[in-house]
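Fold and contact review
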Amino acid sequence: MTATDLAAIRGAILAEIGAAADLAALDRTRVAALGKKGQVTELMKGLGAVSAEERKARGAELNRLKDEISAALDQRKDSLSEAELDRALGAERIDVTLPARPESEGRLHPISQTIDEIVAIFGAMGFKVAEGPDIEDDFHNFTALNIPPEHPARQMMDTFYLQGPEGGRPVLRTHTSPVQVRTMLSEKPPIRIIVPGRTYRSDSDMTHTPMFHQVEGLVIDKTTHMGHLKGCLADFCRAFFEVPDVPVRFRPSFFPFVEPGAEMDIGCSRKGGELKIGAGDDWLEILGCGMVHPKVLRHCNIDPGEYQGFAFGMGIERVAMLKYGIPDLRTFYEADLRWLKHYGFSGLEVPSLVRGLVTP
Ligand code: DAH
């Protein structure tokens, strides 16, 4: 074979590569040139039949040709892929101006909505969300909270007891307060948490269901005092009920895990049987609170000489009913779709303080 023959072969292959219309055609050209039985491969095989001297020069020539063809194949492959992508991008269109598909079916349960609102408000005050198990032990649910065995508060709580291994007696937590204990035992102060979650009591009527929700709050630091408690909870009520000047009052009350303890009321009117929050001269109790009892701190290995703080616990159903005018607690858990359509919320409206908690 002469050099002119080789130049002709080179020209033909490179031309074919340049003319390949798509990736499949290009691959056929590759196989025809460099494949097992390809034209260039066959020429390489032919080298065995020529003299040693000639083989050296011819071999080098063929290798150069092979490299040249490989490079041309790569280049063509790149430009064909790019063209392919351009074509796809040109043909397939996503209309980003289309509005999101309206959520006509699913609704957010008022409990989920209310929890999201509460988390948004306390989140803005620097609280983080903590969690604990629904099945608790006696220590976390009672003893560490200064409710010793035989204490009357245990009877007040209508506890569901379970049968545990080895004679143990776990309980379905009667309040979210055990998460105070869990957090203080696992984290060092300063602590600033809220704990939304399920709670259980053996109780059922217009205003009680065996399962309900609470949100607990806990702040522990060196100088935290009752003034912080009052300011924090008053701010919460104003943001949550979206009444800027809702009056609040604190009435002394007893909870074993706080000293002093209080119940917080918000101002309301009940004129004409209609409840209105913020106006009028009546009061409505919404939560329990107080300064964390030194005995509780000691149970959690925190030195009451160095640290102090406040805690509160609030029924979520109760504030949801007040805010959204839901008259009967039991309807929350009847799984009635008509009810959910009426009282539920759009999943696309995430509560935030930016435009007010709920957008109309
Ligand atoms: N755990 C109490 C209950 O379920 C509510 C409560 C009252 C929580 C006072 C607190 C508190 O943290 O300080 O009735």
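Right above here is the structure, for reference.
Let us look at the structure shown here. Worth saying up front: this structure is predicted, and the values here are computed from it rather than measured. (Residues numbered from 1 in each chain as written. Predicted model: local features only at pLDDT ≥ 70, side-chain atom pairs only at ≥ 80, totals over all residues. Heavy atoms only, no water.)

With that settled, the discussion passes to the site of the ligand. Around the ligand, the surrounding shell holds 15 residues, and the nearest of these are His175, Ser177, Arg201, Gln214 and Glu216. A distance of 3.1 Å separates an oxygen atom of the ligand from a polar side-chain atom of Gln180. Between an oxygen atom of the ligand and a side-chain N or O atom of Arg201, the distance comes to 2.8 Å. Of all the cavities here, the one that holds the ligand is the largest pocket. At the level of elements, β5 (211-221), β9 (282-292) and β10 (308-315) are the ones that each hand at least two residues to the shell around the ligand. The class makeup of the residues in the shell around the ligand is six nonpolar, seven polar and two charged. (Near = heavy atom within 4 Å. Polar contact = N/O pair within 3.5 Å; in protein donor to acceptor, adjacent residues only side chain to side chain. 1 Å grid on protein atoms, 1.4 Å probe; cavity = no way out; pocket = protein on both sides within 12 Å on 5 of 7 lines; lining within 4 Å. Sits in = over half its atoms within 2 Å of the grid points. Helix = DSSP H or I, 4+ residues; strand = E, 2+ residues; numbered from the N terminus. Nonpolar A, V, L, I, M, F, W, Y, C, P; charged D, E, K, R; others polar.)

The next point concerns the environment of Ser79. Along the polypeptide, Ser79 turns up in helix α4 (residues 52-91). Polar side-chain contacts of Ser79 include one of 3.2 Å to the backbone oxygen of Arg76.

Quick look at the pairing of strand β7 (residues 258-269) now. Counting buried positions along β7 gives 10 out of 12 residues, so the element sits mostly inside the fold. When strand β6 (residues 248-252) meets β7, the two strands line up antiparallel, connected through five bridges. Looking at β7, one finds that Phe250 is bridged to Met264. The loop that links β6 with its antiparallel partner β7 comprises five residues. Where β7 meets strand β8 (residues 276-277), two bridges bridge the pair, whose relative direction is antiparallel. Bridged to Cys268 within β8 is Ile277. Here β7 folds back onto β8, and the loop between the two strands holds six residues, one of which, Gly272, carries a positive phi near 65 degrees. (Buried < 20%, exposed > 50% of the residue type's maximum accessible area, 1.4 Å probe, protein only. Pairing = 2+ DSSP bridges.)

Along the chain, Pro189 connects to Pro190 via a cis peptide bond; the corresponding omega equals 0 degrees. With respect to the element layout, Pro190 can be found in the loop between α8 (178-186) and β4 (191-200). In this structure, Pro260 follows Glu259 across a cis peptide bond, with omega equal to -5 degrees. Tracing the chain through its elements places Pro260 in strand β7. Of note, Asn146 is a non-glycine position whose phi angle comes to about 65 degrees, a positive value. You can call Asn146 buried: its relative accessible area is 15%. Although it is not a glycine, Asn301 adopts a positive phi angle of roughly 60 degrees. Looking at the secondary structure, you find Asn301 in the loop between α10 (294-299) and β10.

A few words now on the packing of aromatic side chains. Applying the stated rule across the entire model yields 10 aromatic pairs. With a centroid separation of 4.9 Å and 85 degrees between ring planes, the pair formed by Phe240 and Phe241 is classed as edge-to-face. By the burial criterion, Phe240 is buried, and Phe241 matches it. Ring pairing ties together the aromatic residues Phe122, Phe127, Phe236, Phe240, Phe241 and Phe312, which thus form one cluster. Note that Arg169 overlies the ring of Tyr161, its terminal NZ or CZ placed 3.9 Å from the centroid. Lys323 extends its terminal NZ or CZ atom over the ring of Phe240, reaching a point 4.4 Å from the ring centre. (Phe/Tyr/Trp six-rings, centres within 6.5 Å; stacked < 30°, edge-to-face > 60°. Lys NZ or Arg CZ within 6 Å of the ring centre and 35° of its normal.)

The next point concerns the side chain of Thr174. For Thr174, the location among the structural elements is in the loop between β3 (171-172) and α8. Judged by its relative accessible area of 0%, Thr174 is buried. A distance of 3.0 Å separates the side chain of Thr174 from the side chain of Asn141, its partner in a polar contact. Setting aside anything within four residues of it in sequence, one finds Thr174 in contact with Asn141, Phe142, Met157, Thr159, Thr199, Tyr200, Arg201, Phe212 and Gln214. (Contact = heavy atoms within 4.5 Å.)

Scope: geometric values only; no functional claims are made or implied.
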